[in-house]
Amino acid sequence: MIPFLKSVARAYASRYSDLSDFCFLFPNKRSGTFFMKYLKEERGGRAFLSPRVLSVSDFVSEVSGKVAASRLDLLFLLYHTYRDYLGLGESDDAEGVDFDSFRMWGETVLADFNEVDLYLADADEIFKNVKDYREIASNFLTEEQKEVMAEYFGRTEYSDPNEFWKDFDAPDDELSDLRRKFLHLWRIMAPLYHGLHERLDSLGLSTTGGLYRSALRVVREKGRDILPYRKVTVVGFNALSTAERAIFSELRDMEPYPGEDTFADFFWDATGPVLSGTGNSASKFVRSNIRSFPCPEWALHILRQSDTPDMPSEIKVVASPSNSAQVKIAGTLLSELRGQLTQEEFNDARVAVVLPDENLLLPMLYSLPAGMGDVNLTMGYPLRLTSVVPFVSLLRRLHFNMRETPAGKAFYHKDLRLFLAHPYPHALLGSDVIEKINGYLDRYHKAVISLNELAAISEKAESLLSSLDRIATPLDAIDRLDEILSDVKNSLTCEESGLVKTRLEISHIEIYRDALRRMRELLREYNTDMKAATALRLADRLLAGEKVGFEGEPLVGLQVMGMLETRSIDFDHIFILSANERILPMRARTRSFIPDTLRRAFGMPPSNYAESIFAYYFYRMISRARGVTMIYDARSGGGMRSGDVSRYLLQLRYLFAKDRLVEEDWKFVLTGKTPHEASVDKTPEILERLKAFVHDPAAGNQDRSLNFSASSLNSYRECQVKFFYQSVMGINTDPEPSEFIDSISAGNILHDVMLQLYLPPEKRGKLLPRPVVVTKDAVSRILEDHESLKRIMTRTVNRVHFNLEDDQLDRPLEGGAEIVGRQLARQAVNILRHDLELAPFNILGCEISERLHIALPSGRKVNFRFAIDRLDEIDTQGGRQLRIVDYKTGRIKLKAADMEEVLKGNYAGEQIFQLFTYAWLLGKRGGVEGASDVRLEIYDVNKIHTGEVRLPVIGDNEVKDFAAYADDFSAGMESLLDGIFDNPRFEAADDESDCGMCRLRTLCRR
Ligand code: SF4
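Residues numbered from 1 in each chain as written. Predicted model: local features only at pLDDT ≥ 70, side-chain atom pairs only at ≥ 80, totals over all residues. Heavy atoms only, no water.

(A) A look at the environment of Leu 921. With respect to the secondary-structure elements, Leu 921 resides in helix H39 (residues 910-925). Separated by 55 residues in the primary sequence, Leu 921 and Phe 866 place their C-alpha atoms 6.9 Å from one another. The residues touching Leu 921, leaving out its near neighbours within four places in the chain, are Leu 852, Ile 854, Phe 864 and Phe 866. (Helix = DSSP H or I, 4+ residues; strand = E, 2+ residues; numbered from the N terminus. Contact = heavy atoms within 4.5 Å.)

(B) Molecular detail of the sheet that holds strand S25 (residues 953-954). One open sheet holds the three strands; their spatial order is S23-S25-S26, and the pairing between them is mixed. Unpaired on one side and paired on the other, strand S23 (895-896) and strand S26 (957-958) mark the two borders of the sheet. As paired elements, S25 and S26 share two bridges and run antiparallel to each other. Following the sheet pairing, Ile 954 is matched in S26 by Asn 957. (Pairing = 2+ DSSP bridges.)

(C) Broad picture of the site of the ligand. The immediate surroundings of the ligand are formed by 10 residues, with Cys 719, Ala 988, Cys 995, Cys 998 and Cys 1004 found nearest. Looking at the shell around the ligand, the elements that each hand over two or more residues are helix H33 (720-728) and helix H41 (1001-1004). Residues of the shell around the ligand, tallied by class, amount to seven nonpolar, no polar and three charged. (Near = heavy atom within 4 Å. Nonpolar A, V, L, I, M, F, W, Y, C, P; charged D, E, K, R; others polar.)

(D) Just unusual backbone geometry, in detail. The omega angle of the peptide bond from Leu 584 to Pro 585 is 5°, so this bond is cis rather than trans. As for its placement among the helices and strands, Pro 585 is situated in the loop between strand S15 (573-576) and helix H27 (596-601). Cis peptide bonds are those with omega within 30 degrees of zero, and the linkage from Ala 839 to Pro 840 qualifies with 5°. Despite not being glycine, His 445 has its phi angle at roughly 45°, a positive value. On the secondary structure map, His 445 appears in the loop between helix H21 (431-443) and strand S12 (448-450). His 445 gets classed as buried once you look at its relative accessible area, which sits at 13%. Although it is not a glycine, Ser 568 adopts a positive phi angle of roughly 70°. Note on placement: Ser 568 falls in the loop between strand S14 (558-561) and S15. By relative accessible area, Ser 568 is classed as buried at 1%. (Buried < 20%, exposed > 50% of the residue type's maximum accessible area, 1.4 Å probe, protein only.)

(E) Region of interest: the packing of aromatic side chains. Across all of its chains, the model carries 54 aromatic pairs by this definition. A centroid spacing of 5.2 Å and a plane angle of 55° characterise the contact between Tyr 440 and Tyr 444, whose relative ring orientation is tilted. Among the aromatic residues, ring-to-ring pairing joins Phe 693, Phe 708, Tyr 716, Phe 723, Phe 724, Tyr 725, Phe 864, Trp 920, Phe 981 and Phe 986 into one connected group. If you follow Arg 15 out to its NZ or CZ, it ends over the ring of Trp 298, 4.3 Å from the centre. The lysine or arginine in question, Arg 224, covers the ring of Tyr 257, its NZ or CZ lying 3.6 Å from the ring centre. (Phe/Tyr/Trp six-rings, centres within 6.5 Å; stacked < 30°, edge-to-face > 60°. Lys NZ or Arg CZ within 6 Å of the ring centre and 35° of its normal.)

(F) Spotlight on the packing of helix H1 (residues 4-15) against helix H2 (residues 29-42). Contact geometry of H1 with H2 gives a least axis separation of 8 Å together with a crossing angle of 50°. As the angle between them shows, H1 and H2 are arranged oblique. When the axes of H1 and H2 are compared, the crossing they make is right-handed. Contacts between H1 and H2 involve Leu 5, Lys 6, Val 8, Ala 9, Arg 10 and Ala 13 from the former and Ser 31, Phe 34, Phe 35, Tyr 38, Leu 39, Glu 41 and Glu 42 from the latter. Per-class residue counts for the contact of H1 with H2 are eight nonpolar, one polar and four charged. (Axes fitted to C-alpha atoms, helices over the stretch in contact; angles between N-to-C directions. Parallel < 35°, antiparallel > 145°, perpendicular 65-115°, else oblique. Left-handed = near helix turned anticlockwise from the far one by under 90°.)

Here you go:
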C-alpha cells in the first residue's frame, strides 16, 4: 500500500513524460510539497521540468489577479469604511466609534463577509432589513451565536443568553438599546460590505472569500484561455465551498486540449472502512464530490494501489494523567519508535506528531528526546501563546498604572514585580539587577517605586522604564515598544545558546515586530486618531490574534503538524495528542452575526459545520498508517482540556476497530508505583547539587554549602518536590512582601521583642555557658514598664518590617502598623504573664542559631542550621527540666497517630516533627546537661492567656520529655536524610489536596 499522493504522482509519471504545462491544485501547500517529493521518486530521481503545484488559495489569487489583504489591513480598511458611512471626517470623534471598540465586532463582521463571498451569497439579500427576519429575535440562533451577540452588544452579564433576546423582542416603540444597536449593525452590513470591497478593489486587494468569487467571475468570463495550463488536476479536497465547487465545475466543463480526455482531472481520497462506506458524516462530502467530479478512468488501477480496506493494524490509546504529561508520554514513545526504525525510515518524513491543541506545540518541542534528528514544523501558532504577547501586556500595564508621586513618576510594586518575573527583563537587565530591585521592594516594603529610586539601583532599569514616561503619541508608543523588543532580541541573540527555545523566541519577537511595523504604517496611512495608551492596548490585544505560520520545507525527519496540515498526507506512524472531546474535533465557536436559518437559506455552512468535516480529516489521516497512537488527558472535570475522550476514539473502540485497540494507562505502566508527573528525577546535575549539603572540606565545596534545617526537612516530609525547589534550587516561596505587616513579619517581631525583654544584647542568639536567672520580680518589672515595652515594640517594627535604622527607629507607628504593634504588645504581655507563673526559671538562650555537622550511619556528615526560639529550665512535677519553647502565632498542629506520621507527610504532625528535630539536634550538639529528656512546648500566643500548655501528643500520650521517642525519631531522621541523597527521585506529595495552597504549583505542574 502506498500513500495517496504517491499513487497520484505514479499515475501521472506513468502516463506523461512531460508535465511542465500541468497545474496541480492541493488544499494546502504542504500536500503539494509531499506530492513533488513522490513525483521525483516516481521519476527515479531523473531531472524533469516540474509541473506547477499550487494551493487552491494561491490558484484563486493568481486567476483573480488580486492579493488577499492581511487581517490588520482588513480591520483598518473596514474601520475607515465604517467611519465614511457614518460621515465622520478624519478628526471627528463619535461615541463608540474609536478603533478599539470597533475592533471588538469588526473581526466578526469580516469573518461574515468572507463567508458571504466563499459561499457566493448575495450580500444585499442576506443583509436585508431585519424586519423581514423577525424570527432572528428568538428561535433560530444557536446558543453560541446568542453568546456572541450578547458579548458584542455590550451586555455580557446574561446568565441565560435568551435574556438577551427578550431585550431584543421588545415592541418597536420600546426598542431596547441592545436591539437598536443590533438593528443598526444589521442595516449597515450591506453598505459596509460594498464599501469595503470598493476600497479593496482600488488597492488590488481582496478578502480571501473575495478571491474565490473574483476567480470564478474570471474563469466564467474568459474560460480556458485565462489558464496557462494544458491540464489542471485537483487533488485531495473534501468539503467544498460554493465558490470552490463552482470553480471546479467550470474547470471540469472546459474543452480538453487535443489528445486529452479532459481539461481537469479530479482525485479524491476515500479509502479505509469508514470513508469508503456510506451513511456516515465523515464520507458525506467526499462521496458527493466523487459523483460530481469522477476520478479519471485511466488512473483508477494505480489509485487502487493506495487503497486500504482495513483499519491500521496497531492502534494504541494512552491515558495521560494530565494535559502536560501528554508531551512527555509522546516523547518517550517516540524515543522507543526511533529505536525500532532504521535511520532511513525515520528520516523519510514517515513519522508525524499531530497536535490538535496548538497550546501543546512548544511543550512538545521541548519534550522531544535527544537524538531525534531533523524536526519539521508545519502549523499555525497564535502569537498569544508566545512569550512576547504577555511581555507587551505587562509593559502596557506598567505604563497604564504609572502614577505621579512627590518623588516623581513611580510604578506600583505589584505591576513591577510581575513585569520583572517575565523572562525578557532577565535577558535585558540581568537577573542580579532584578534581584536587587525585588530586594529593595521587599526590604522597604515599598508600595510604589519611583524612577529615581530605580536609577539608584540600576541605570539600565531606569532607562528601560523611563521611556514609558516619554510616550506621548500612538506612534511613540509603537516605536518605543519596537525598540524594547529589538533590545530583547539582541539580548537573547547574545545568549550563548543554540537552543530551539531561544531560536523560537527570537522568531516570535521578529514576527511580532513585523506586525507592529504594519500597524504603525496603517495608523499613518489611514491617519487613525487614537491616544498613545490606546495604541499600546491595540498592540497588546490586536497583535495577540496574529499567527506564527510555521511551514517547514525539507521533507526529512519527524513531522510536527496541526490537524489541518495533515490533509492529503499519509504517514507510517502517527502520534495524535489531545484526543479529547472539544479538541478532537475542535469545538467550533461560531463568531458570526448571521443566524443559522439565514446561513442555511443562503447555502452557507451552519455553525456545527467545522465539526462535521473534521471526521473526514481524522479517518483519512489514520487510514494508511501502520501504527497510530492516540494520547488523551484522562483527568475528569479539570476544565476544557481534560475529561471526555474524543468521539473518534469512542467510535474506534466500539465501532470501527473493536478488539484492536491496545489501551494503556500511564499511571500504572511506568513502575509498580505511580510516579506523579510532578516528581523530579535526581539527575547527575541534581546529585551534584545535593553534595552542597555534605560537610566535606576535602571536596573544597564549603563556600557553596547548603544547610538542612527543621523547617526545610518539614517541607521534605510533606512534599519532597517542594523541598527540592525551595532548598536545593533556592526558589523563594515566601508570600510576596507587602506594605502591610503579614503573619510572618508579625511572628518575627514578636520573637525579637521577647528576646530583647529577657536578654541583654551580648547574650542574644547563642547558647549561654551560664544561664540567666529570671525571677518573679524581674518579670513583674518588665510587665509594669509599659513605656519600655511600647518603645521596644515601635523600634522593632521599624527595624524588622520597615528596615529603618538608628535615629529613625523611634518613628511613631501609624495606621495598620500601629494596630498590629498594639496587638503584638498584648501578646508579649500575655507571654510574660504566663512566664510570671513559672518564675523563677533559667534561660539558656533565646533565638539560638548555630551550624552543626551531623554524622549519619551512612558515613555522610551533613550540614545543619540549628535554630530554636528559647531554651530554658523550669520546675515541673518531675523536678527541674530543660525545655525548648517555640512561639507560634498560627494554627497549632501537635497531634500525630504514631512516629510514622511524625516522619512522613501529613500536616497534622508538622510541629511535632519540628520540635523533635530541635531536641534531636540539641542532643547531637552535646554539651547541654539534661538535653536527653528535654521538654518540648509550644507557646500558642493567641491562647496563652488561658494558661493552656501545648505539649505534643502521639497516639493517646502527651509527650512530657523527648527521651522516650529519641531512638525511634533518630533512626527515622537518619534514614530520611540518607534518602535525600540515595532515593532515585524527589516524590510529589501523595495527597493532591495538599497542593491547593502551594506556591510552587505552577512550577511543578500539579
Ligand atoms: S504543588 Fe504539590 S506536588 Fe507540587 S511542590 Fe507543591 S505540594 Fe509538592
